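# Overview (structure and organization)
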Amino acid sequence: MSPQYYSWVHILGILALALGINVLLGIGEFKRQESDFIANNFKYYDLIKHDWPLYYPDYKVHMCYYLGYYLPVAQLAKWFSLESARYFALAWSVIGLFFVLLWISTFVKKNGIVLVFFVIIFPNAWIIYALIDWIGWHREVFPHYFILINDFYLVLSKFEDNWAWAPQHTLPAVLGACFVIEAFLNKKVSRLELLLMLLATMYWSPLASIGLFPFVLVLFLKDFQTLFKQEKLSELLGMTGLVASFMPLMIYFISTEGVNSGNTGFIWQTGTSLWVIYYAIYVLANVGIWFYFIQSDSFEWSPLIYGSMFFTAILGIYRVGLYNDLNIRGVIPAFTIMSCGISVWVIHNWKKKKLGVYLLTTYIVIGGLHSIRNFGLAILPSKPLTTIEKPFIKNYTSMLSFQESAYGDTTAIKEYCLKRGGFFDKYLLKK
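What this report covers is the structure whose coordinates are included nearby. (Residues numbered from 1 in each chain as written. Predicted model: local features only at pLDDT ≥ 70, side-chain atom pairs only at ≥ 80, totals over all residues. Heavy atoms only, no water.)

### Side note on the pattern of salt bridges
A side chain with one charge may pair with a side chain of the opposite charge, provided their charged atoms come close. With the rule as written, the count across this model stands at 5 salt bridges. Taken together, the shared-partner salt bridges connect Lys158, Glu160 and Asp161 into one network. (Salt bridge = Lys/Arg side-chain N within 4 Å of Asp/Glu carboxyl O.)

Structure follows, in structure tokens:
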């Protein structure tokens, strides 16, 4: 590894960047937060103020949700004070982002900070969507840089948007992506480590686990036949033990009422024959344009980049959740791998003085101006709408009451509710 990564200047620079990003995006409650933090602040408040496992007497249900991101902060706030939760939340997110950015910076021998910068500003298809909107073609389909087919969303969010809206999904997703990249580059696969990462990710975000699964599976299948040799018996037994130990958690998650909430379906069930056109635009704008630039050169990262492109394309076919959370959050690992790989390709090929490299760099920088602009605007004075200490807004008294009202019906809260009368509800959780 290059000495730059052991430099205190490099390490402190990455730490300052992680702190600045979190503060500007509202974590720690020094600035305005995105609207999803109303629900996040309620989750924190409910976990801090009430006993675990969390039970809502007004709804007569236990919470059934992936709480890995929230529990450490909530427990610390229980020990200290509700007022301290904001600082623990900031520290927790800064530590996570610091390790993510530091890890990403090691994927090149030089210019690690340049790679980090490219990954942070790496754009989605907003330029192309904005152009379509500007010329007035299918204006109703492209509001705010995503595709909406009746009630079916196709969204590929940038790093900054993902972190601002849902760090609980983004942090495990990008950490998992770094695990995958590291295993690919080192050409050494520790199946136990990869499996533990995949299983542990579930308690932070099952959607991130789904997004990471294809990459982990491919790495597992590499030299798969060796797993059944005598000298690998301990590894096989270790993985079997890992899966067995996580089975209660898997059963817990599929015990949510959201499994049968009726907000799933394939893209061709959207009620319009034009879905093929809209899906083609999504794929070409978010994947095809990158493939056009880099496919002419053989590159060490190419198999991983193409795999991430392929998974980005197919993940949008099936919807889970009112806003297609599977697509929005599940694609984060693939998008992270793709953005890292393409950015490394740019750095690797910059000195070759090829027109395609300069054009791609220009496109990334111009596309990244949207994120740079958002960070710049975030410097202006602003206040969060709610806080962990006071999450209450209008007549909402808990996370469930907010979700029920915000989404207009009880369907939205099913994914947070443990099924009544099930094994967990009857035998393992006390009311």
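Let's pick the thread back up.
### Considering a nonpolar patch on the surface
Taken together, the side chains of Leu131, Trp134, Ile135, Trp137, Leu274 and Ile277 make up a nonpolar region of the molecular surface, amounting to roughly 650 Å² of accessible area. The greatest single-element share of the nonpolar patch, amounting to 3 residues, is contributed by helix α6 (residues 126–135). (Patch = residues over 30% accessible without salt bridge, like charges linked within 9 Å, V, L, I, M, F, W, Y side chains within 5 Å. Areas by Shrake-Rupley, 256 points an atom, 1.4 Å probe, with all protein chains shown as cover. Helix = DSSP H or I, 4+ residues; strand = E, 2+ residues; numbered from the N terminus.)

### Observations concerning the environment of Tyr427
Of note, Tyr427 is situated in helix α18 (residues 423–428). For Tyr427, a relative accessible area of 56% puts it in the exposed group. Separated by 418 residues in the primary sequence, Tyr427 and Val9 have C-alpha atoms spaced 54 Å apart. (Buried < 20%, exposed > 50% of the residue type's maximum accessible area, 1.4 Å probe, protein only.)

### Quick look at the packing of α6 against helix α12 (residues 275–294)
Packing of α6 against α12 brings their axes to within 9 Å, and their N-to-C directions diverge by 140 degrees. Overall, the two elements α6 and α12 adopt an arrangement that is oblique. Contacts between α6 and α12 involve Ile128, Tyr129 and Ile132 from the first element and Ile281, Tyr282, Ala285, Asn286 and Ile289 from the second. (Axes fitted to C-alpha atoms, helices over the stretch in contact; angles between N-to-C directions. Parallel < 35°, antiparallel > 145°, perpendicular 65-115°, else oblique. Contact = heavy atoms within 4.5 Å.)

### Focus on the packing of helix α10 (residues 206–221) against helix α13 (residues 302–315)
With their axes 11 Å apart at the nearest point, α10 and α13 run at an angle of 140 degrees to one another. Our classification of the angle between α10 and α13 gives oblique. The handedness of the crossing between α10 and α13 comes out as right-handed. Facing α10, whose interface residues are Ile210, Gly211, Pro214 and Phe215, α13 presents Leu304, Gly307, Ser308 and Phe311. (Left-handed = near helix turned anticlockwise from the far one by under 90°.)

### Overview of the side chain of Ser84
Looking at the element boundaries, Ser84 is found in the loop between α3 (71–79) and α4 (85–105). A distance of 2.6 Å separates a polar atom in the side chain of Ser84 from the backbone oxygen of Ser81. (Polar contact = N/O pair within 3.5 Å; in protein donor to acceptor, adjacent residues only side chain to side chain.)

### Topic: the packing of aromatic side chains
Going through the model one piece at a time under the given rule, you end up with 32 aromatic pairs. With centroids separated by 5.0 Å and ring planes inclined at 80 degrees, the aromatic side chains of Tyr45 and Phe392 adopt a geometry described as edge-to-face. Remark: Phe392 occurs in the loop between α16 (355–378) and α17 (399–407) and Tyr45 occurs in helix α2 (residues 37–49); sequence separation between them is 347 residues. Accessibility expressed as a relative area gives 14% for Tyr45, which makes it buried. Of the aromatic side chains, those joined through ring pairs into one cluster are Tyr65, Tyr66, Tyr203, Tyr252, Phe253 and Tyr416. If you follow Arg86 out to its NZ or CZ, it ends over the ring of Phe30, 4.6 Å from the centre. (Phe/Tyr/Trp six-rings, centres within 6.5 Å; stacked < 30°, edge-to-face > 60°. Lys NZ or Arg CZ within 6 Å of the ring centre and 35° of its normal.)

### A short note on the environment of Asp36
Here Asp36 is to be found in the loop between α1 (8–24) and α2. For Asp36, a relative accessible area of 27% puts it in the partly exposed group. With residues up to four places along the chain from it excluded, the contact list for Asp36 reads Trp165 and Arg329.

### Considerations on unusual backbone geometry
The linkage connecting Trp52 with the following residue, Pro53, adopts the cis geometry, with an omega of -5 degrees. Relative to the assigned elements, Pro53 resides in the loop between α2 and β1 (55–56). The backbone of Lys60 sits at a positive phi, close to 55 degrees, despite the residue not being glycine. Within the secondary structure layout, Lys60 lies in the loop between β1 and β2 (61–62). Positive phi, close to 60 degrees, is recorded for Asn111, a residue that is not glycine. Tracing the chain through its elements places Asn111 in the loop between α4 and α5 (112–121). On the basis of relative accessibility, which here comes to 43%, the residue Asn111 falls in the partly exposed class.

Everything listed here is a matter of coordinates, which is why it stays silent on function.
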